[in-house]
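Each chain is listed here by its residues.
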Amino acid sequence: MNISKEKILEKGFVDLELDPQLDLFAEIERLKKKKHAIILAHYYQEPDIQDVADYIGDSLGLAQKAEQTDAEMIVFAGVHFMAETAKILNPGKKVLLPDLRAGCSLADSAPVDIFKTYKDKNPDHLVVSYINCSADIKALSDIICTSGNAEAIIASIPKEQPIIFAPDRNLGAYLNKITGRNMLLWNGACMVHEIFSLEKITKLKIRHPKAKLISHPECEDAILRISDFVGSTTQLLKYTLKDSTQEYIVATETGILHQMQQNNPNKTFIPAPPTNNCACNDCPHMKLNTLEKLYLCMEYEAPEITMEENLRLAAKKPMDRMLAISRAAGLIG
Ligand code: 13P
Ligand code: SF4
């Protein structure tokens, strides 16, 4: 194949025709060994990518794995803020993202200048930011959280301390409800988790009366209220393993169904339906990564995540606080 590394670096992403005879699974395994690389994948990645990954997890598990790995190269099969988080925690490693355009609607909903003004208007508030945000927002935050540890993070803060929670208003509202806080909520949301239809889910529940509805806390309150279980992607997966129900309606991005089905071959998983007839419960950012791009990024070692050191250090402080609280709460090892 005739492509220069410069072209990949210049374009920031790769979208090229590959020889269809190429065994991408074998090639990726070869490159992993040759380059001492680890592939970290989020549950929302396409099944082929999950199958070649060394570790599949939620945002919390992925951050911890990125921090601890001794591989020389971290290939992040996820979205930009996740790869950026890996670089923040483990700056000595080369961090690659198969497609640099893989962003996040939630992270985009908090532009740094407007957020800074908001923060300055509430100087007595502590800023807790969901990990789905840019390094700039992390640098303006006091503590980061994920959906897997948010409750423990909020519980670690004295009750009388006012808090700004950003950028996800749905997760923030859910946390206000379960912790009894009154955090100020930034008005951001995830385009995938906001699209689930209450009406269609209700009809589905009537047609499948024994099915349990399990939901990610980025969903709107109306969905969470009728859910049997709410949790991060890892927590949802674990729930399906220990629970005895045979059928589940799953209100989160469809990629997680691959692991649920593999781990529970005799159970039935139904993706929660979106409001219109689109595939809107597939995250368009997550799905930009493909096996072809994964192979190319390992071969050419691009696109790479880089970061200015002062920004990295400022963004690392609230990440370190998050990891310390999570360890103390026994949520990670
Ligand atoms: P978790 O990985 O924490 O479950 O969050 C899901 C998500 O929105 C990732 O973008
Ligand atoms: Fe962002 Fe939502 Fe996609 Fe997760 S699913 S990466 S929160 S847009």
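1. Let's talk about the site of ligand 2
Around ligand 2, the structure places Tyr44, Val79, Cys104, Ser105, Asn132, Cys190, Val192, Glu218, Cys283, His285 and Met286. In terms of residue class, the shell around ligand 2 is made up of seven nonpolar, three polar and one charged.

2. Details of the site of ligand 1
The full set close to ligand 1 counts 13 residues, and His42, Ser59, Ser147, Glu218 and Thr233 are the nearest of them. Ser59 is positioned with one of its backbone polar atoms (N or O) 2.9 Å from an oxygen atom of ligand 1. Here an oxygen atom of ligand 1 sits 2.7 Å away from a polar atom, N or O, in the side chain of Glu218. Burial of ligand 1 by the protein chains amounts to 96% of its free accessible area of 300 Å². The residue makeup of the shell around ligand 1, split by class, is four nonpolar, seven polar and two charged.

3. With respect to the packing of aromatic side chains
A full pass over the atoms with the stated rule returns four aromatic pairs. With 4.3 Å between their ring centres and 5° between their planes, Phe229 and Tyr239 make a pair best called stacked. Separated by 10 residues along the polypeptide, Phe229 in strand β10 (residues 229-230) and Tyr239 in helix α13 (residues 233-242) bring together distant segments of the chain. For Phe229, a relative accessible area of 22% puts it in the partly exposed group. You can call Tyr239 buried: its relative accessible area is 11%. When the ring centre of Phe229 is taken as reference, the NZ or CZ atom of Lys242 above it lies at 5.8 Å.

4. Observations regarding the sheet that holds strand β3 (residues 73-77)
Pairing is parallel in the open sheet, where four strands are placed in the order β2-β1-β3-β4. Strands with a single pairing partner mark the edges of an open sheet, and in this sheet they are β2 (55-57) and β4 (94-96). When strand polarity is set aside, the average angle formed by the axes of neighbouring strands in this sheet is 20°.

5. A word on the pairing of strand β9 (residues 212-215)
Sheet faces and side chains relate simply in a regular strand, where the side chains alternate between the two faces. Here β9 pairs with strand β11 (residues 247-251) via four bridges, running parallel. Its bridge partner lying in β11, Ile214 is registered against Val250.

6. Concerning helix α15 (residues 291-300)
With eight of its 10 residues buried, α15 lies for the most part within the structure. Of all the residues in α15, the buried ones are Leu291, Lys293, Leu294, Tyr295, Leu296, Cys297, Met298 and Tyr300. Phi turns positive one or two residues past the end of α15, at Glu301, with a value near 55°.

7. Observations regarding the packing of helix α5 (residues 80-89) against helix α16 (residues 309-328)
Following both chains from N to C, one finds α5 and α16 inclined at 90°, their axes separated by 9 Å at the closest point. For the element pair α5 / α16, the angle class is roughly perpendicular. In this structure, α5 uses Thr85, Lys87, Ile88 and Leu89 to contact α16, whose residues at the interface are Arg312, Ala315, Lys316, Met319, Asp320 and Leu323. For the contact of α5 with α16, the residue count by class is five nonpolar, one polar and four charged.

Analysis parameters
Throughout, a residue's number is its position along its own chain's written sequence, starting from 1. The naming scheme follows written order: chains are lettered A onward, ligands numbered 1 onward. Note on the predicted model: pLDDT of at least 70 is required for a residue's local features to be given, and 80 or more for side-chain atom pairs to be given and counted; whole-chain, interface and lining totals, by contrast, use all residues. Side-chain measures here rest on the full set of heavy atoms in the structure, leaving out hydrogens and waters. Only heavy atoms are used to decide nearness, and a residue is near a molecule or strand if one of them lies within 4 Å of it. When residues are sorted by character, Ala, Val, Leu, Ile, Met, Phe, Trp, Tyr, Cys and Pro go into the nonpolar class, Asp, Glu, Lys and Arg into the charged class, and all the rest, Gly among them, into the polar class. Two N or O atoms form a polar contact when they lie within 3.5 Å of each other; inside protein one atom must be a possible hydrogen donor and the other a possible acceptor, and for residues adjacent in sequence the pair counts only when both atoms belong to side chains. Accessible surface area values rest on a Shrake-Rupley calculation with a 1.4 Å probe, where residue burial reflects the displayed protein chains alone. The aromatic pairing rule takes the rings of Phe, Tyr and Trp, using the six-membered ring of Trp, and pairs them if the centres are within 6.5 Å, calling planes under 30 degrees apart stacked, those over 60 edge-to-face and the rest tilted. The way it works is that DSSP assigns letters per residue, a run of H or I at least four long becomes a helix, a run of E at least two long becomes a strand, and they are numbered from the N terminus. Residue burial is assigned from relative accessible area. The probe radius is 1.4 Å, only protein chains are included, and a residue is buried under 20% of its type maximum, exposed over 50%, and partly exposed in between. When the NZ atom of lysine or the CZ atom of arginine is within 6 Å of a ring's centre and also within 35 degrees of its normal, the charge is said to sit over that ring. When DSSP locates at least two bridges between a pair of strands, those strands are taken to pair. Here the axes come from fitting lines to C-alpha atoms, over the contacting stretch only for helices, and the angles between their N-to-C directions go from 0 to 180 degrees. When an angle is under 35 degrees it counts as roughly parallel; over 145 it counts as roughly antiparallel; between 65 and 115 it counts as roughly perpendicular; any other value is oblique. Residue contacts are defined here by distance: any two heavy atoms, one from each residue, within 4.5 Å place the two residues in contact.

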